[in-house]
Amino acid sequence: MQQKSKLFLQALKYSIPRLGKCMQKQHLNHYNFADHYYNRIKLKKCHLTKCLQDKPTISELAKNIPSRSFSCKDFLPIKQENKDSLSENMDAFEKVRTKLETQPQEEYEIINAEVKHGGFVYYQEGCCLVRSKDEEADNDNYEVLFNLEELKLDQPFIDCIRVAPDEKYVAAKIRTEDSEASTCIVVKLSDQPVMEASFPNVSSFEWVKDEEEEDVLFYTFQRNLRCHDVYRATFGDNKRNERFYTEKDPSYFVFLYLTKDSRFLTINIMNKTTSEVWLIDGLSPWDPPVLIQKRIHGVLYYVEHRDDELYILTNVGEPTEFKLMRTAADTPAIMNWDLFFTMKRNTKVVDLDMFKDHCVLFLKHSNLLYVNVIGLADDSVRSLKLPPWACGFIMDTNSDPKNCPFQLCSPIRPPKYYTYKFAEGKLFEETGHEDPITKTSRVLRLEAKSKDGKSVPMTIFHKTDSEDLQKKPLLVHVYGAYGMDLKMNFRPERRVLVDDGWILAYCHVRGGGELGLQWHADGRLTKKLNGLADLEACIKTLHGQGFSQPSLTALTAFSAGGVLVGALCNSNPELLRAVTLEAPFLDVLNTMMDTTLPLTLEELEEWGNPSSDEKHKNYIKRYCPYQNIKPQHYPSIHITAYENDERVPLKGIVNYTDKLKEAIMEHAKDTGEGYQAPNVVLDIQPGGNHVIEDSHKKITAQIKFLYEELGLDSTSVFENLKKYLKF
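Fair warning: this is a prediction, and the values are worked out from it, not measured in the lab. (Residues numbered from 1 in each chain as written. Predicted model: local features only at pLDDT ≥ 70, side-chain atom pairs only at ≥ 80, totals over all residues. Heavy atoms only, no water.)

Draft legend 1. Expanded view of unusual backbone geometry. At the junction of E318 and P319, the peptide bond is cis and its omega measures out at -10° in the coordinates. Of note, P319 is situated in the loop between β21 (309–314) and β22 (323–328). (Helix = DSSP H or I, 4+ residues; strand = E, 2+ residues; numbered from the N terminus.)

Draft legend 2. Up close: the pattern of salt bridges. By the definition in use, this model includes 33 salt bridges. When salt bridges that share partners are traced, they join R306, D307, K356 and D357 into one network. (Salt bridge = Lys/Arg side-chain N within 4 Å of Asp/Glu carboxyl O.)

Draft legend 3. Main features of the sheet that holds strand β13 (residues 215–223). Ordered in space as β12-β13-β14-β15, the four strands form an open sheet in which the pairing is antiparallel. Only two strands of the sheet have a single neighbouring strand rather than two, namely β12 (202–209) and β15 (240–246). If you compare each strand with its neighbour and ignore which way they point, the axes differ by 25° on average. Relative to β13, β12 runs antiparallel, the two being bridged by six bridges. If you follow W207 over to β13, its bridge partner there is L217. (Pairing = 2+ DSSP bridges. Axes fitted to C-alpha atoms, helices over the stretch in contact; angles between N-to-C directions.)

Draft legend 4. Region of interest: the nonpolar core. Counting residues in hydrophobic clusters, the biggest one holds 97 residues, and the most contacted among them are V476, L535, L555, V588 and W607. When near neighbours in sequence (up to four residues on either side) are disregarded, V476 contacts A505, C507, L535, I539, L542, T553, A554, L555 and T556. Counting 24 residues, the second-largest nonpolar core is a separate cluster that includes C227, V349, C359 and L376. (Core = buried A, V, L, I, M, F, W, Y, C linked by side-chain atoms within 4.5 Å. Buried < 20%, exposed > 50% of the residue type's maximum accessible area, 1.4 Å probe, protein only. Contact = heavy atoms within 4.5 Å.)

Draft legend 5. View of the state of the cysteines. All told, the structure shown has zero disulfides when counted by the stated rule. The thiol sulfur of C391 is not disulfide-bonded, and the nearest other cysteine sulfur, from C409, lies at 7.6 Å. (Disulfide = S-S within 2.5 Å.)

Draft legend 6. Structural context of the confidence of the model for the protein chain. Residues with a pLDDT of 70 or more make up 82% of the protein chain, whose mean pLDDT is 83. Every residue in residues 1–6 is under pLDDT 50, and counting partners more than four places away or in other chains gives 34 contacts. Predicted confidence is poor over residues 14–70, with pLDDT under 50, and the contacts of this stretch with residues over four places away or in other chains come to 223 contacts. (pLDDT = per-residue confidence, 0-100.)

Draft legend 7. Just the environment of D338, in detail. When you line up the elements, D338 lands in strand β23 (residues 338–342). C-alpha separation for the pair D338 and R326, spaced twelve residues apart in sequence, amounts to 5.4 Å. With residues near it in sequence (within four places) discarded, D338 still touches L324, M325 and R326.

Draft legend 8. Quick look at the pairing of strand β10 (residues 179–188). Across seven bridges, the pairing between strand β9 (residues 169–176) and β10 is antiparallel. Bridge pairing in β10 links T176 to S179. The antiparallel hairpin formed by β9 and β10 contains two residues in its connecting segment. If you look at the hairpin formed by β10 and strand β11 (residues 194–200), you'll find five residues sitting between the two strands.

Draft legend 9. Region of interest: the sheet that holds β22. Spatial strand order, β20-β21-β22-β23: four strands in an open sheet with antiparallel pairing. Looking at the sheet topology across the chains shown, the edges are occupied by β20 (301–306) and β23. Within this sheet the neighbouring strands show an average axis-to-axis angle of 30°, counted without direction. Strand direction decides the pairing type here: β21 and β22, joined by six bridges, are antiparallel. Bridged to E309 within β22 is A328.

Quick look at the structure:
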């Protein structure tokens, strides 16, 4: 059985063309758009591959002002004391320049997408697609299958790999850092591997084998960020490529998923609240597909298969949270679904994995992680509460029916392996070197009370030996859209900030998915202001409980998280000193009224339709960051935007920045001489990607900005950052 690089909900979740306006860069971590999706992280000595040799050094990144950036301080008066302190900070940083560039350091290397099939592991090595014997995967003994440089792309990386059932072909999706465009190549495996075909703009793809033992590649084609077409192709002497299905409703997208036992290929047709699934027989892929259940507005469902039964994760019925149902594969319609397992209230289903005799559910309940192991022979359930430091799962592909491996991670701790062994009925953790962060830091789970009495969970990290936390800098994270959890995967720069004395707070506000489907429903459409109230309550609670103070508090978000951040800057700017945003969504009203944009129709379920619904239009006006800018004091703001970003158009960000500058100038004029104006920086980066999570230039610029705005000494933080990032 082929190892698949994505699992169930993870595969579907991160395929969505604009789920949360967030396409995480795929060779980065977990979970994108991560998860990229199931990468390994290990500690090793610093080295450079061919593709990375012309990366700038960290001191060059910190020293140089990013191109095409501007600051309000270019035209507003600033107190002389502030200029002096900034100069001292830069002088201090220059003192460690030589040391950073010459001292050998250790780093966490993030391994890109890989797939195990038969006795081989397929992965990227340097600029090549390679394979090696499973037991030699960590050595340099590998076979080169394809050199990515032949595609003439700038720093290409492999996002996803699929191997044909009999290992005659391997397909790989290839992207670059500065674009969301992708190319799927098909390599024929032989003594002299050769590229058999290439397809542009492929989103998802899977192999099946037909009755005549011929490999068939099904793939979806993405045009203007919309994925509506399914194709199937064969190679060799019987080469063909034909369109198989087209979705007519522009608010839906299409994604392919192969059940873990490879028995069925599922065509998943989805929007934000509704889904429809068709089955393609993995043994007869040329037969017409079978519809499981016609789409019903508000009903989501996802399908796995085992022993002629379909296991269906769905929100149908009351309460409208996910529950597990099952039915015979030959009677798939909804009237035949039998309830099999229900979740507790306030539970988020992160993923599901199917084994020969067990079903494993990965859950988040009341902001803590759990694994539920269901015995399919006797319907027994074993619930395992996972270590309190853990904030996220990284799913590990696995075809061994005896074990279920996975990784746990947090924003400040690299992933750690765990394995549930079915025979022993026990969870085993990876032994060996224990990360020192476990003893030098604390993780707290707190709650804030929002205006309507709702309890809003928060996750907080700080150093164990920190004294007088009220005088420590605080970095608050928020997202709150599309039912997506706030990203809490390991990020080296977050680890460095905690080591340097920062407090990190993750606010799981309504609109996100941390407490299940209802938590999302309570923060979308005409309930979007709930998320803003939650964020305000979280920050006030943190300050009230002695975590930092407004003059040392910064707020950060990316993509759709910019809506709540921008709204808070308008309504309660006194809570913050600084803000960093990446590809932020700031002009909700004008964007949602422009139906020529590729994703507006897909967004109606989240934001509403201001073009045809006056109630939606008036409600959006109440919180839209762009619409509510006014002359007042604002926190300093650093915005990173991407020149050709199709998901959050640059025009909206530039318009927001221009309007904000005008409001600040008007307020400065009214306030008079001596007013210390906020620093507003717009850093426009080239390329057409959306949120480049591990961009060293971006990370360095944001940290430098935060330290300058909060008046902190940045010497040690940049030196420590060198330990984790590869330059």
